[in-house]
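Descriptive structure summary
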Amino acid sequence: MAQITAPKGTQDILPKESGKWQKAERIIRELCAQYGFKEIRTPVFEHTEVFVRGVGETTDVVTKEMYTFEDKGGRSVTLRPEGTAGIVRAFVENGLFNEALPAKYYYLIQCFRYEKPQKGRLREFHQFGLELFGAPDPITDATVISLPARLFKKVGLNNLSLELNSIGCKECRAKYREALIAYFEKDQEKLCPTCRERLEKNPMRILDCKSEICQGVAKDAPLITDYLCTDCHDHFEQVKDYLQIMGIEYQVNPRIVRGLDYYNRTVFEFVSTEIGAQGTVCGGGRYDGMTEQFGGAPQPGIGFAMGMERFMLLLEAAGITLEEERGCDLFLIPMGENAKKEAVRLTGALLDQGAKVQYDLLGRSVKAQMKYADKIKAACTAVLGDSELEEGALTVKNMADGKQEKIALSELNAEWLEEFCK
Ligand code: ATP
Ligand code: MG
């Protein structure tokens, strides 16, 4: 039969790669636990309306990129293109605002967007993100930003720049919107068709357009930072103060507007120049109005999402290998029927003690088994044959330095192995 390939824009994370992913995820989970963020898991698909409300009708994600289909019951459902909308839906639906506030959640999920696949841009990809509800103070914004900053530092990624902006509140943006429309109207015909549409619906998003022509037209556009009201200006100044106290470097970039419709005040991105065109690894901001979009009471919210594939690309580009855990402490090489039975018994005891132990399943020669042990990177090996059974002892070999030690079967335990593997 003909082979079947994976759908365009998806990729298999094979066992030889998955260790790195697990290690990255473990570092992330530990950091979140340190900060007091708890994992939240929401459905992979939602009613389409969740994303229309939570991401915004005029966004690229909603207008062009969603995997939307009718299920057998005739409902319109969508594979999640991002994490925030579903979490805000869950926050309101489950009455989580009645629990301790601020609420601090993190997620590690798969997302789906119908995009043109490129390096760092897939149709199924992974995101790590945070959401924090119930805290309007600027100390919150800086704290949320500090988590990815600390993650990058921890793994040794030093060349990322943090770009920071404030897009103000509804009042600031109403004035800014007028100024932008007046500016872009002059050169309307030069803009790409999408941006011409944006001019009416959401002129700020023109600043985010990837077309070089639109970027050229936008070169001298008015800056949001000149239109902030006193409260928004103060809030922004305090976010910057806290970042400084935390020792986190940033650059104010008044052109960052972000994709979501519901952002207000602080927005930010961590950007790299080392992984090609898809250089934004992490983006986020404040979305104080979003709970209302889901029928909840108003609640301040702030969060970010980081693309895991881009994070892994960054590590690769920087030559950083996350130390993986040892896959196998001991590989037992039984020779003969009695030895196989003893191997099964011994392995069972060691597994119960927490050691990573495997034995041969194919009845191969010692040489072939040794080769296999080498391939799976077993830390130690031990041959178990008739003479070992008679003597009640075997010789364990450390594969890294060739060191050998004889030990009685009755004394071989996980603790001894751990010590010997070092
Ligand atoms: P871009 O401008 O690159 O399209 P975006 O603004 O659409 O990004 P967000 O919605 O903010 O991205 O998602 C947060 C992060 O998720 C991005 O910074 C990126 O690292 C990652 N990401 C987004 N879309 C994809 C994708 N199709 N494939 C891989 N990673 C992605
Ligand atoms: Mg995008």
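Residues numbered from 1 in each chain as written. Chains lettered and ligands numbered in written order. Predicted model: local features only at pLDDT ≥ 70, side-chain atom pairs only at ≥ 80, totals over all residues. Heavy atoms only, no water.

Describing the domain arrangement of the chain
We note that the domain assignment places domain 1 (15-169 + 229-317) and domain 2 (330-421) within the chain. For domain 1 versus domain 2, the distance between C-alpha centres works out to 47 Å. (Domains from an automatic or database assignment.)

A few points about the pairing of strand β5 (residues 103-112)
Judged by how many residues are buried, β5 sits mostly within the fold: 8 of 10 residues are covered. Looking at chain direction, strand β1 (residues 38-39) and β5 are connected through 2 bridges and run parallel. Residue pairing across strands places K38 opposite Y105, the latter belonging to β5. With 10 bridges connecting them, β5 and strand β6 (residues 124-133) associate as antiparallel partners. (Buried < 20%, exposed > 50% of the residue type's maximum accessible area, 1.4 Å probe, protein only. Helix = DSSP H or I, 4+ residues; strand = E, 2+ residues; numbered from the N terminus. Pairing = 2+ DSSP bridges.)

Comments concerning the pattern of salt bridges
Evaluated as defined, the whole model comprises 26 salt bridges. Between R286 and D288 there is a salt bridge, and its shortest N-O distance comes to 2.9 Å. Residue classification places R286 among the buried residues on the basis of a relative accessible area of 0%. Close ionic contact of E337 with K340 constitutes a salt bridge, the shortest N to O distance being 3.6 Å. (Salt bridge = Lys/Arg side-chain N within 4 Å of Asp/Glu carboxyl O.)

Remarks on the sheet that holds strand β12 (residues 328-334)
Reading across from one edge, β13-β12-β14-β15-β16 is the order of the 5 strands in this open sheet, with mixed pairing throughout. Of all strands in the sheet, those bounded by a partner on one side alone are β13 (357-359) and β16 (404-408). Averaged over all neighbouring strand pairs, the angle between strand axes comes to 25°, with direction disregarded. When β12 meets β13, the two strands line up parallel, connected through 3 bridges. Paired with L332 across the bridge in β13 is Y359. Where helix α13 (residues 366-375) meets the sheet, it contacts β12, β13 and β14 (378-384), and its direction lies at approximately 170° from that of β12. Across the sheet, helix α15 (residues 414-421) is in contact with β12, β13, β14, β15 (393-398) and β16; its angle to β15 comes to roughly 35°. (Axes fitted to C-alpha atoms, helices over the stretch in contact; angles between N-to-C directions. Contact = heavy atoms within 4.5 Å.)

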